[in-house]
Amino acid sequence: MNKLSIKRKLLIYNILIQTIILVVLSLSIYKTLHISTLDKIETSLKVIILDIVDDISEHKDNLSEIDFDEEKEYKFKPLYVRLIDKNLKIVKSTIFPDEIPINHKNIKLEIIDFQEYENFIVGEIKFSMLNNPYILQVATNYKILNETMQNLFYILIFIIPIILIFSITGGYFLIYKSFNPIEEILENLREINSTTLSKRLLYSKREDEIDMLAKEINSLLERLEISFDKINQFSSDASHELKTPLTIIRGEIEIALRKDREKQEYKTTLQSCLDEVLIIQQTIDDLLFLAKEESSEKSIHETIYVDELTLEAAKELKPFAKIKNIEIKIQIDDIFQIEGHSKLLKIGIKNILKNAIVYSHEASSVTVKNSIENDNFVITIEDKGIGISKEDQTKIFEKFYRTDKSRNKESGGTGLGMSIVEKIAKLHGAKIELQSQEKVGTTVKLIFKRDINE
C-alpha cells in the first residue's frame, strides 16, 4: 500500500468508503423495512381482531352462526382465526396451524397481544361475553414479510453494484482530474535544471490551492536562481582570485628548483611563498565570512562600548602601521555605546583602518575619531593617502574590486575588505559614507542611528 501513488490510494479509499456506506445504508433500509412491514402486519391484525370481536358480540347468543370470512373481506392472505372458551376448547375456527398452541396465560383482558413463532405471527385478545371469558387468536404467516424482504434484497443486490460503479467512476474522474495540475507541475519541474532556472511554472490563476503551490514554487525558483547566479559569479571570482597567488607560488618554487642556490635565495623564495599563502588564507577567511547566509547570523543584542572597540582595533593594527611608518591618531570626541556584535564591528573597523594604512603615503597619519553628528553616532577613519577616483568610488564595495590593481601583491589585499565592511554595517543598521579626493586622501564614516529612547 505504501508503494502506491496517492491517486491510487485515494481511489482505493474511495472504493472502500463507498462500499461501507452502501452496505451500512442497505442494512439500515433492510432492517427499517423489516420493522415497518412487521408493524403494518400487526396493525392490520389489530383491525381484524377488533372487527371479529364485534361480530362475535353480535352473535353471542348463537356463536355457531359466525363465519370468519375476514380473509376475503380484508384481502389478507393467509388469515387463521379461532375462538377459545374458558375451558380452552375451540368454539369456532378456520383451518389453524397445529404448531400454534392454545395459550391463556399472561393474556390481559381487552388488550391485544402479539406472539411470534417460527413461521407465524399471532394476535391474541381476551374478552368477556355473557360473563364468560373467551380468547380470540388471529394468525398469519411470514409470507408477506418474506416476500417484501426478498424483493428488497433483490433490489439492493441489483442497485448497489450499479451505484458503486457510478460512484467509483465519478471518484476516479474527480481524483485524476484534480491531480492533472499537479502532474503538469511535476512535468514542468522535471525540465528545470541548473541551466533553466529562469523557467517558471504556469498556473490557471484560479487562486486555488494548486495555484498557491505553483506560486510558492515559482518564488522558490526565483530565489534559487538569484542564489545560483550569485554562487556562479562568486565561484568564478574566487577561482580567479585564488589562481594568481597559487601561480606565483608555483613559479617561485619552479625557479628555485632549476639549480642549486644560496641559502639566502631559498629564504627569499620561502618568504615570498609564505606571503602568498597568507594572502590565500586571508582570501579564504574572507570568502567564508561572506558566504554565510544572513539568516544564520546570531542575533546582535550585545552592548558595545565603541570607544573601547576603536582603541582595541587601532592597537591591534599599530604593528602593521609601523612597518609603513604610519601614525594612528585616536580622537574620542564623544563616548557612546550601541547594540551589536563587537567582534564583527571590530572586523569592519580594522578593514577600513587597514585600507587607510595601506594606501596612505609613508610617514603620514591616519585619524580614527568617535563623535556625535546630527544626532547620530559616527566612527570616522581619515587618511592622507592616494585617494580614490570618482569612478572607483561607485565600485569600492564590489567583491574582489581594487582601486589600485598594480598594488595587489604589495598590499596583500583580497578585494573583499570593503564588501565585508558593507555587510557588517548592514547587520548593524548602519550607513557607510565615503569621501575621497585623489592624491589628497580618503574619509570613511560608519554612521549609526541614535536610539531616540536614550
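The residue count restarts for each chain, going from 1 along the sequence in the order it is written. The model is predicted, so local features are restricted to residues of pLDDT at least 70 and side-chain atom pairs to those at 80 or more, both for listing and for counting; the totals for chains, interfaces and linings are taken over all residues. Each side-chain value is worked out from all heavy atoms of the structure, with water and hydrogens disregarded.

Focus on the environment of Ile 253
- By definition, any uninterrupted DSSP run of H or I lasting at least four residues is a helix, any uninterrupted run of E lasting at least two residues is a strand, and each is numbered from the N terminus. Within the secondary structure, Ile 253 is located in helix H4 (residues 209–257).
- Taking the C-alpha atoms as reference points, Ile 253 and Leu 270, 17 residues apart in sequence, are found 8.3 Å from one another.
- Ignoring any residue separated from it by four or fewer positions in sequence, one finds Ile 253 in contact with Thr 269 and Cys 273. Contact between two residues is taken to exist if any of their heavy atoms lie within 4.5 Å; hydrogens are not considered.

Focus on the sheet that holds strand E9 (residues 365–373)
- As summarised here, the arrangement of the five strands in space is E7-E9-E10-E12-E11, forming an open sheet in which the pairing is mixed. The open sheet is flanked by strand E7 (327–332) and strand E11 (431–437), the only strands paired with a single partner. Across the sheet, the mean angle from the axis of one strand to that of its neighbour is 15 degrees, orientation sign disregarded.
- Both E7 and E9 contribute to a ladder of six bridges, which runs parallel. Within E9, the position partnered with Ile 328 by the bridge is Val 366.
- Note on method: axes are straight lines fitted to C-alpha atoms, helices fitted across the in-contact stretch only, with angles between N-to-C directions ranging 0 to 180 degrees. Packing against the sheet, helix H6 (residues 306–323) makes contact with E7, E9 and strand E10 (376–383), and its axis sits at approximately 170 degrees to E7. The rule for pairing is simple: two strands pair if DSSP sees at least two bridges between them.

Notes on the UniProt feature "transmembrane region" (unreviewed entry) in the protein
- UniProt positions are given in the numbering used here, feature names are shortened, and annotations may be inferred rather than shown by experiment. Per the UniProt record, the feature "transmembrane region" (unreviewed entry) sits at residues 12–30 and 152–175.
- Between the C-alpha atoms that bound residues 12–30 the distance is 27 Å, and the span itself is 100% helix and 0% strand.
- Within the segment residues 152–175, helix and strand shares are 100% and 0% respectively, and the terminal C-alpha atoms sit 33 Å apart.

Section: the confidence of the model for the protein
- In predicted models, pLDDT denotes the confidence assigned by the predictor to each residue on a 0 to 100 scale. Looking at the protein as a whole, its pLDDT mean stands at 83, while 89% of the residues score no less than 70.
- For residues 293–297, every residue scores under 50 in pLDDT, and the model assigns this stretch six contacts once sequence neighbours within four places are set aside.
- The model gives residues 405–410 a pLDDT under 50, and that stretch makes eleven contacts with residues more than four places away or in other chains.

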